[in-house]
Amino acid sequence: MSGDHGQGDCQVNSGSKGNDTQKHKDKEQRHKDHKKDKEREKLKHSNSEHKDHSEKKHRDKEKLKQNDGSSEKHREKHKEKDVDRRREAKIKSSHGDKPKKEKENGYARDPSPAAIKSEPEEDDGFYPSPQRHKATKRDHDDKEFEYKPKKVKTEHDKKAKKRKHEYEEDEVCFDVKPKKKTKVGGKKSLKEEEKWKWWEEERSTDGSKWRFLEHKGPVFAPLYETLPGKVKFYYDGKPMKLSAPAEEVATFFAKMLDHEYTTKDIFRKNFYKNWKKEMTSEEKSKITDLNKCDFSEMSEHFKAQSEARKQMSKGEKQKIKEENERILQEYGFCIMDNHKERIGNFRIEPPGLFRGRGDHPKMGMLKRRIRPQDIIINCSKDSKHPKPPQGSKWKEVRHDNKVTWLASWTENIQGSIKYIMLNPSSRIKGEKDWQKYETARRLKKCVDRIRTQYREDWKSKEMRIRQRAVALYFIDKLALRAGNEKEEGETADTVGCCSLRVEHIKLYPKLDDQEYVVEFDFLGKDSIRYYNKIPVEKRVFKNLQLFLENKQPEDDLFDRLNTAILNKHLQELMDGLTAKVFRTYNASITLQQQLKELSCSDDSIPAKILSYNRANRAVAILCNHQRAPAKTFEKSMQNLQTKIDEKQSQLSAARKQLKAAKADHKASRDDKSKRAVEAKRKAVQRIEEQLMKLQLQATDREENKQIALGTSKLNYLDPRISVAWCKKWDVPIEKIYNKTQREKFAWAIDMAENDYEF
DNA sequence: CTTATCACTTAGAATCTGATAT
DNA sequence: ATATCAGATTCTAAGTGATAAG
């Protein structure tokens with residue numbers, strides 16, 4: 001990496017050629033509170049300015065002034081956009097059609113210069129990440145699944161022959177067997193039980209997702225049943241009978257009463273506003289203050305109800321179970337291309353109060369009841385169409401085989417579309433999953449090249465390139481998510497890599513005994529906090545300092561970057577590469593490495609499983625998969641501790657006895673007392689072992705307190721790695737994957753041999 | 001372009017279930 | 001038999017990213 005591009009003074013890149021303008025305009029609106037002058041001031045950079053480290057002084061020398069009315073800038077997004085547009089239009093007309101020029105103006109307001117003077121070379125150690133290896137030679141498996149939507153064959157010799165077109169068969173294979181495993185009629189079940197190995201067949205090449213699809217439509221939420229008369233709602237201390245719609249919404253609130261949500265201001269405000277809409281006009285005029293509403297009787301009623309449900313007799317419970325099973329059998333499956341497949345979510349989401357994660361501006365809003373006329377059905381033209389419930393109609397029935405969903409509706413909180421889709425064990429999900437890991441494996445082959453490239457790009461003279469390169473480094477090294485932009489005010493304020501703001505990182509040239517430490521502290525997906533202090537290479541550190549210059553805390557760190565730009569770049573580096581592939585790749589490769597490191601052939605099975613879990617945990621930590629400690633966590637820890645204490649006193653008692661026995665033996669020297677000593681000794685040993693085990697369990701549980709293994713296991717770890725590991729170390733697959741997981745990963749379990757290499 | 005829409009994956013919490021302890 | 005608990009399952013929110021629309 002010679003890196004000498006433009007050493008010295010390459011300035012201006014024609015950064016102008018680029019799209020450098022785009023992003024910051026949106027981003028600017030975040031500084032809602034700054035004074036205009038401040039804002040102005042910081043916007044004063046021209047793209048042609050050269051920055052060097054010492055540069056701050058140059059800051060003002062730019063020739064470009066803000067040419068539009070930017071001083072009037074409002075903080076509102078739309079307005080902002082308008083201003084920008086106006087400005088651009090103006091520019092355009094004044095400069096003619098040179099795109100370059102017009103961009104140039106964009107820069108004027110940019111917090112960061114487009115061009116950067118390159119820094120002196122100096123540092124640069126080698127890339128430290130352990131992940132960076134040469135790709136291995138052994139990749140024959142890769143061919144098995146090409147990325148291209150082209151037809152892919154898996155010419156894995158042994159399997160290839162088996163592959164043929166099942167499509168021609170007329171008969172449906174029931175590859176999912178009915179619950180009762182002893183479905184008596186032996187003849188038919190044989191065939192039924194045979195699991196369909198879709199992974200041995202060819203995939204379609206034309207972008208269609210299926211050729212035949214038949215299902216019975218979704219199951220709707222049960223209608224609302226009004227409360228028994230004795231369960232009262234009180235307003236201002238007086239009982240008040242509510243109309244059914246108002247009552248229903250009230251029950252939603254009542255059911256959440258002991259959740260802390262209901263104490264939050266926003267929640268209450270949203271709820272109250274939405275509740276009012278359901279009230280009759282009399283109710284509206286009477287109920288004017290949520291604080292005067294007493295839902296406690298309703299709440300008690302539901303608690304009693306669920307208690308009663310628990311107390312039901314066996315027979316009653318059995319009956320309910322059977323009914324559920326019947327519904328599952330009827331609605332829980334569809335027929336897709338000759339195979340009966342399980343549907344993932346065949347029940348429509350019931351109405352209720354919206355619970356966002358984190359600090360969500362819409363928490364407490366009413367999620368409305370979905371009716372047949374809200375539902376779009378998707379199925380084959382030549383299938384038996386699902387029929388809407390008595391007296392109702394579907395919104396639409398369409399036959400789009402370019403998508404995988406069976407039904408959809410638009411949800412009223414965010415206006416997004418919800419879908420009914422197949423279970424992860426289905427062919428359609430499995431193929432995609434498999435493909436995902438194949439893409440990650442292709443990344444493995446070229447990740448060195450990509451890393452070399454982005455390191456080189458840290459020295460680029462173009463700001464946008466540097467930002468892109470540093471962001472990619474974070475995504476690669478820290479497994480950060482891409483970070484799409486979100487609409488402000490619609491969702492909780494969370495970020496990913498590209499949407500990081502200045503306030504989310506802190507730079508420490510020295511911290512304790514480390515140099516160039518970056519501290520990350522932000523809320524990511526689901527408002528899970530990401531907190532990490534990590535030493536980075538000097539060049540990265542310097543770049544970050546540069547990116548931070550002249551910015552406010554609420555400004556974007558990467559003001560010239562967004563996920564579209566990043567992904568477009570990645571696409572050029574490798575077919576099918578996007579930011580999320582790095583997460584998959586790094587997760588899987590980490591598991592593989594950790595397993596290699598931790599597994600030991602003389603370990604017992606439980607010890608091996610512990611190693612597996614530890615490897616899994618390493619990945620979960622990398623991906624920041626956290627969970628709230630269960631409310632019962634402390635208690636269950638305590639229980640365990642009690643057990644440990646008991647064991648401990650048992651142990652000392654046993655030891656005492658041993659001592660006594662020894663003394664006894666010393667005195668009597670007879671055989672009997674000798675045997676007694678031996679027995680006691682054994683007892684002590686046994687108890688010691690038990691104690692050890694308990695203590696191990698305790699540490700394990702403690703370690704796992706806030707770490708969730710499931711997400712990575714289900715979504716990031718190539719299952720073939722785990723399958724191969726099980727085969728290699730003779731660990732039954734059931735120890736690693738439960739039934740559902742085995743169904744989802746059936747393809748991997750079937751195809752991976754013990755020498756599988758990710 | 002730039003934004004909006006759509007489809008689909010990924011996510012933690014809530015709820016259910018069934019095994020085990022009492 | 002009942003209570004307890006942990007793991008399994010369900011639920012649905014919240015991401016990613018491609019592409020259509022303006």
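This structure is a prediction, so every number in the text was calculated from the model and none was measured.

Asker: Got a minute to help me understand the sheet that holds strand S9 (residues 376–378) in this structure?
Answerer: Strand pairing within a sheet occurs via backbone hydrogen bonds; the two strands may be parallel or antiparallel. Reading across the sheet, the four strands line up as S10-S9-S11-S12 and stay open at both edges, with mixed pairing between neighbours. Each edge of the open sheet carries a strand with a single partner, namely strand S10 (396–398) and strand S12 (417–420). Geometrically, the sheet is characterised by an average inter-axis angle of 20° between neighbouring strands, direction not taken into account. In the sheet, S9 pairs with S10 via three bridges, with the strands oriented parallel. Note that in S10 the partner of isoleucine 376 across the bridge is glutamate 396.

Asker: How should I be thinking about the protein's contact with DNA strand B in this particular structure?
Answerer: The local shell around DNA strand B holds 33 residues, among which Lys429, Lys436, Lys525, Thr711 and Tyr716 are the closest. In the interface set of DNA strand B, defined as its atoms within 4 Å of the protein, sugar plus phosphate atoms amount to 86%. Between DNA strand B and lysine 436, the relevant distance is 2.7 Å, taken from a phosphate oxygen to a side-chain nitrogen or oxygen of the residue. Here a phosphate oxygen of DNA strand B sits 2.7 Å away from a polar atom, N or O, in the side chain of threonine 711. Going through the elements one at a time, helix H1 (20–28), S12, helix H12 (427–457), helix H16 (579–598) and helix H20 (710–715) are the ones with two or more residues in the surface near DNA strand B. When grouped by side-chain class, the residues that make up the surface near DNA strand B number eight nonpolar, eight polar and 17 charged.

Asker: What is the right way to read the protein's contact with DNA strand C from this model?
Answerer: As a structural note, the neighbourhood of DNA strand C is formed by 29 residues, with Arg357, Lys418, Gly483, Asn639 and Thr740 the closest of them. At 2.7 Å from a phosphate oxygen of DNA strand C is found a main-chain nitrogen or oxygen belonging to lysine 580. With three residues, helix H18 (residues 633–668) is the largest single contributor of residues to the surface near DNA strand C. Grouping the constituent residues of the surface near DNA strand C by class yields four nonpolar, 13 polar and twelve charged.

Asker: Quick question: what am I supposed to make of the sheet that holds strand S5 (residues 333–336) here?
Answerer: Taken in spatial order, the three strands of this open sheet run S1-S5-S6, and their pairing is antiparallel. Sheet topology places strand S1 (213–214) and strand S6 (339–342) at the edges, where each strand pairs with a single neighbour. When S5 meets S6, the two strands line up antiparallel, connected through four bridges. Within S6, the residue paired with phenylalanine 333 across the bridge is arginine 342.

Asker: Just checking my understanding: could you explain the nonpolar core for this structure?
Answerer: Across soluble globular proteins, you tend to see nonpolar side chains buried next to one another. Core analysis: the biggest nonpolar cluster contains 83 residues, and Leu443, Phe474, Leu480, Phe520 and Phe558 have the highest contact counts within it. Per-element accounting of this core gives the leading share, nine residues, to helix H13 (residues 463–478). Setting aside anything within four residues of it in sequence, one finds leucine 443 in contact with Ile450, Met574, Leu577, Val581, Phe582 and Tyr585. Judged by nonpolar contacts, the second largest core, of 28 residues, contains Phe233, Met279, Phe302 and Leu353.

Asker: It is not clear to me how the pattern of salt bridges should be interpreted in this structure. Could you clarify?
Answerer: Close approach of charged atoms allows side chains with opposite charge to pair. Applying the stated rule across the entire model yields 40 salt bridges. A salt bridge links lysine 362 to glutamate 490; the nearest nitrogen and oxygen atoms lie 3.0 Å apart. Here the residue lysine 362 occupies a position in the loop between strand S7 (352–353) and strand S8 (366–367), and glutamate 490 occupies one in the loop between H13 and strand S13 (505–511), the gap between them amounting to 128 residues. When its relative accessible area of 13% is taken as the criterion, lysine 362 is described as buried. A residue is classified by how much of its surface remains accessible, and glutamate 490, at 26% relative accessible area, is partly exposed. In this structure, the salt-bridge partner of aspartate 433 is lysine 436, at a minimum N-O distance of 3.0 Å. Of this pair, aspartate 433 and lysine 436 both sit in helix H12, three residues apart, which is roughly one turn of the helix.

Thresholds, definitions, all that
- Residues numbered from 1 in each chain as written.
- Chains lettered and ligands numbered in written order.
- Predicted model: local features only at pLDDT ≥ 70, side-chain atom pairs only at ≥ 80, totals over all residues.
- Heavy atoms only, no water.
- Pairing = 2+ DSSP bridges.
- Helix = DSSP H or I, 4+ residues; strand = E, 2+ residues; numbered from the N terminus.
- Axes fitted to C-alpha atoms, helices over the stretch in contact; angles between N-to-C directions.
- Near = heavy atom within 4 Å.
- Polar contact = N/O pair within 3.5 Å; in protein donor to acceptor, adjacent residues only side chain to side chain.
- Nonpolar A, V, L, I, M, F, W, Y, C, P; charged D, E, K, R; others polar.
- Core = buried A, V, L, I, M, F, W, Y, C linked by side-chain atoms within 4.5 Å.
- Buried < 20%, exposed > 50% of the residue type's maximum accessible area, 1.4 Å probe, protein only.
- Contact = heavy atoms within 4.5 Å.
- Salt bridge = Lys/Arg side-chain N within 4 Å of Asp/Glu carboxyl O.

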